[in-house]
Amino acid sequence: MLNRKGTILTLTGILAFGLLTACDNAKQAPDTGGHGGNHEKESGSRETNGHSEHAGGHETASDHYNAAFTWNEPARAGAESELTIQITDKDAGPVQDFDVNHEKLLHLIIVNRDLSFFNHIHPDYKENGVFTVNTTFPAGGEYKLFADFVPKGAGGTTLSEWVQIEGEAGKPSAIQPDSSLIKQVNGKEIELSLSNTLSNEEVVLTYHIQDAQTKQGINNLEPYLGAVGHVVILSADAEQYIHVHPLDEQSSGPQAEFATTFPHSGIYKIWGQFQHQGEVITVPFVVEIQ
């Protein structure tokens with residue numbers, strides 16, 4: 001991946017694999033180019049030779065776009081790096097226009113190999129399909145980048161690529177299901193419940209958020225990216241990606257509900273993100289789906 005003859009590191013994500021985008025309403029509805037009540041799902045892909053192929057000839061919006069991830073110099077752990085993302089169409093022409101997707105034109109999700117690191121950031125749009133952002137990786141090793149965006153007039157698209165970051169690697173940890181789906185983060189106690197744990201069945205994820213000390217429900221959550229919260233889900237191998245938006249975007253707590261479908265059995269890590277008193281709260285859970 002690293003070009004030793006120059007200072008440019010270029011990584012091209014031809015296609016997202018295992019893309020699932022679950023939006024506001026669990027009911028199926030035509031794609032409107034945004035997230036106003038549609039539940040869009042794309043799945044059944046596998047990665048081969050650095051690219052993705054969708055099983056059974058199923059074509060998705062992602063089949064029509066490419067993403068190239070480029071650093072101005074090799075990215076190294078602990079040092080801030082400028083990342084450029086170039087979005088092109090299937091004819092290698094730059095994508096010029098994007099629809100706003102929950103207040104942003106592009107959401108960038110970054111995880112490491114064992115999913116112990118998670119970052120959700122928003123690159124700035126320049127022009128001609130080019131986005132840039134400065135970011136820092138905590139340790140060396142493999143990371144996966146997910147560029148989540150909506151080309152104007154098209155469906156939601158996610159393109160991804162594994163990248164290698166220079167520097168000393170962190171100690172890997174096993175991804176194990178949580179014995180309890182209650183965690184405390186930044187003075188908040190967050191409980192997650194699932195309506196079921198079956199694959200290929202609609203599941204409602206319900207978060208209950210309360211003050212960790214007083215146990216009083218927090219009913220003044222602030223909109224985060226235009227909604228009460230957002231949820232990103234990855235399978236343990238990071239091949240299945242699910243970005244879920246709440247059923248009631250205008251809710252302010254203490255409960256927030258999200259509807260989605262897990263495409264296969266196995267272990268998944270779920271990151272819920274909420275905002276309270278100007279602070280974004282990120283809470284991870286690991287579950288096993290039958």
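Above this text is the structure in question.
Quick caveat, the model's predicted, so the values are computed rather than measured. (Residues numbered from 1 in each chain as written. Predicted model: local features only at pLDDT ≥ 70, side-chain atom pairs only at ≥ 80, totals over all residues. Heavy atoms only, no water.)

### Structural notes on the overall build of the chain
Within the chain one finds zero helices and 21 strands. Within the chain, the proportion of its 290 residues that are buried is 52%. In the chain, the proportion of contacts linking residues at least 24 apart, taken out of those at least 6 apart, comes to 63%. As displayed, the chain has an accessible area near 12,800 Å², and 44% of this comes from carbon and sulfur atoms. (Helix = DSSP H or I, 4+ residues; strand = E, 2+ residues; numbered from the N terminus. Buried < 20%, exposed > 50% of the residue type's maximum accessible area, 1.4 Å probe, protein only. Contact = heavy atoms within 4.5 Å. Areas by Shrake-Rupley, 256 points an atom, 1.4 Å probe, with all protein chains shown as cover.)

### Here we look at the environment of Asp 99
For Asp 99, the location among the structural elements is in the loop between strand E7 (81-89) and strand E8 (106-112). In this structure Asp 99 comes out as buried when scored by relative accessible area, which is 15%. Between the C-alpha atom of Asp 99 and that of Gly 155, which follows or precedes it by 56 residues, the distance is 9.7 Å. In terms of polar contacts, Asp 99 uses its side chain to reach the backbone amide nitrogen of Gly 153, at 3.3 Å. (Polar contact = N/O pair within 3.5 Å; in protein donor to acceptor, adjacent residues only side chain to side chain.)

### Some thoughts on the environment of Thr 261
Within the secondary structure, Thr 261 is located in strand E19 (residues 255-261). Note on Thr 261: relative accessible area 10%, which makes it buried.

### Quick look at unusual backbone geometry
Omega for the bond connecting Gly 253 with Pro 254 falls within 30 degrees of zero, at 0 degrees, which places this linkage in the cis form. In this model, Ala 238 sits at a positive phi of 65 degrees, which is unusual for a non-glycine residue. Along the chain, the position of Ala 238 falls in the loop between strand E17 (230-235) and strand E18 (241-244).

### Re the pairing of strand E15 (residues 188-194)
Counting buried residues along E15, five of its seven residues qualify, which places the element largely inside the surrounding structure. Sheet analysis places strand E14 (residues 182-185) next to E15, joined by four bridges and oriented antiparallel. Bridge pairing in E15 places Val 185 opposite Lys 188. Taken together, E14 and the strand that follows it, E15, pair antiparallel across an intervening segment of two residues, in which Asn 186 is found at a positive phi of about 50 degrees. In terms of strand pairing, E15 meets strand E16 (residues 202-211) through seven bridges, oriented antiparallel. Bridging across to E16, Glu 189 finds its partner in Gln 210. (Pairing = 2+ DSSP bridges.)

### Examining the pattern of salt bridges
Applying the stated criterion across every chain, the model contains five salt bridges. Of the charged contacts in the structure, one is a salt bridge between Glu 166 and Arg 76, with a shortest N-O distance of 3.7 Å. Separated by 90 residues along the polypeptide, Glu 166 in the loop between strand E13 (157-165) and E14 and Arg 76 in the loop between strand E6 (65-71) and E7 bring together distant segments of the chain. Using a relative accessible area of 25% as the deciding quantity, one classes Glu 166 as partly exposed. (Salt bridge = Lys/Arg side-chain N within 4 Å of Asp/Glu carboxyl O.)

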